[in-house]
Amino acid sequence: MTLYQPFLDYAIELLQQRLDLQPYPIPEGFATKSAIVGKGKQENEVVTTSYGYQAPKLRQIRAAHVEGGSALQVLNFVIFPHLNYDLPFFGADLVTLPGGHLIALDMQPLFRDDLRYQEKYSNPILPIFEQYQQHLPWGGDFPEEASAFFSPAFLWTRPKETEAVETHVFGAFKEYLQAYLDFVDRAEPVTDPQSLDAIKQSQLRYLRYRAEKDPARGMFNRFYGSEWTEEYIHGFLFDLERKLPL
């Protein structure tokens, strides 16, 4: 079972069509990683594959794809803009566990409470959100501290049927990514020093929060050990601080 491979294939093909896509360096030991979990008839191989790209306006486009059979399928796909653009992040967390599906899809804002920012980046995608929300109802409780990092068009849902993932979630993923690349097309570089600093601080705030609270940490610890996991989180998934000049 590779539930999210079509999502990944679609994204990479679309990015290649619309961007001057270049490789983004993946540190040694992270391109692929596998582990055998369970025992006896429950034994299963879990494989994590990493993908990294960059483009003129986008610092890092990266994906972590975890395949562990019918009980475990995960795709974490995130786009981080360069620090001289006010673009939001594109974020897709697509998770299938024995208990069901957990889907989070958004263009995560740098300045959530800024009305002009909302008007520029959130309001245009609200029609897409509303179109899919009728098929993908709100997924319930979400950490209050996390809400600062999500837009009014945050699609958070727990579909019961795999068919809903293959149809409605896939459709939403395609439309959000297309809309995001439309924003990228139109984005102009920011030059005002105060605005540049605000963008940098907002990006760092988001990355530090995500690195600290990464819900995959426990899963990766279990499969690959804590040393590999912490280096993967800080050295690849959320690597901005390491990339900044001293």
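Right, let's walk through the structure included here. A quick note: this is a predicted structure, and the numbers were derived from the prediction, not measured.

1. A few points about the packing of aromatic side chains
Enumeration over the complete set of coordinates arrives at 27 aromatic pairs. Ring-pair connections join several aromatic residues into one group, and the members of that group are Tyr4, Phe7, Tyr10, Phe77, Phe90, Phe170, Phe173 and Tyr180. Over the aromatic face of Phe238 sits the side chain of Arg62, whose NZ or CZ is 5.0 Å from the ring centroid. Here Lys174 stacks its cationic end above the ring of Tyr10, 5.4 Å away from the centre of that ring.

2. Things to note about helix α4 (residues 162-186)
Taking 1.5 Å per residue as the helical rise, α4 with its 25 residues ought to reach 36 Å, and the 35 Å between its terminal C-alpha atoms agrees with that figure. The largest bend along α4 reaches roughly 30° and is located at Val169.

3. A closer look at helix α6 (residues 217-224)
Turning to α6, its buried residues number three or more, namely Arg217, Met219, Phe220, Phe223 and Tyr224. The buried residues of α6 occupy an angular sector of 160° when the element is viewed end-on, so they sit on one face. On its buried side, α6 packs onto β2 (32-37), β3 (44-55), β4 (58-67), β5 (73-81), α5 (193-213) and α7 (226-237). With its phi angle positive at about 90°, Gly225 sits one or two positions after the end of α6.

4. Here's the deal with the nonpolar core
Core analysis: the biggest nonpolar cluster contains 87 residues, and Phe77, Phe90 and Phe173 have the highest contact counts within it. Among the elements that line this core, the one with the most residues is α4, at twelve residues. Excluding residues within four positions of it along the chain, Phe173 makes contact with Phe7, Tyr10, Ala11, Phe77, Phe90, Ala92 and Leu105.

5. Let's talk about the pairing of β2
Of the pairings in the sheet, the one linking β2 to β3 comprises six bridges and is antiparallel in character. Within the sheet, the bridge partner assigned to Ile36 lies in β3 and is Glu45. Connecting β2 to the next strand, β3, in antiparallel fashion are six residues, including Gly38 with a positive phi near 75°.

Reading guide: rules and limits
Residues numbered from 1 in each chain as written. Predicted model: local features only at pLDDT ≥ 70, side-chain atom pairs only at ≥ 80, totals over all residues. Heavy atoms only, no water. Phe/Tyr/Trp six-rings, centres within 6.5 Å; stacked < 30°, edge-to-face > 60°. Lys NZ or Arg CZ within 6 Å of the ring centre and 35° of its normal. Helix = DSSP H or I, 4+ residues; strand = E, 2+ residues; numbered from the N terminus. Expected span 1.5 Å × (residues − 1). Bend = angle between axes of the 7 residues up to and from the residue. Buried < 20%, exposed > 50% of the residue type's maximum accessible area, 1.4 Å probe, protein only. Arc of directions from axis to C-beta. Contact = heavy atoms within 4.5 Å. Core = buried A, V, L, I, M, F, W, Y, C linked by side-chain atoms within 4.5 Å. Pairing = 2+ DSSP bridges.

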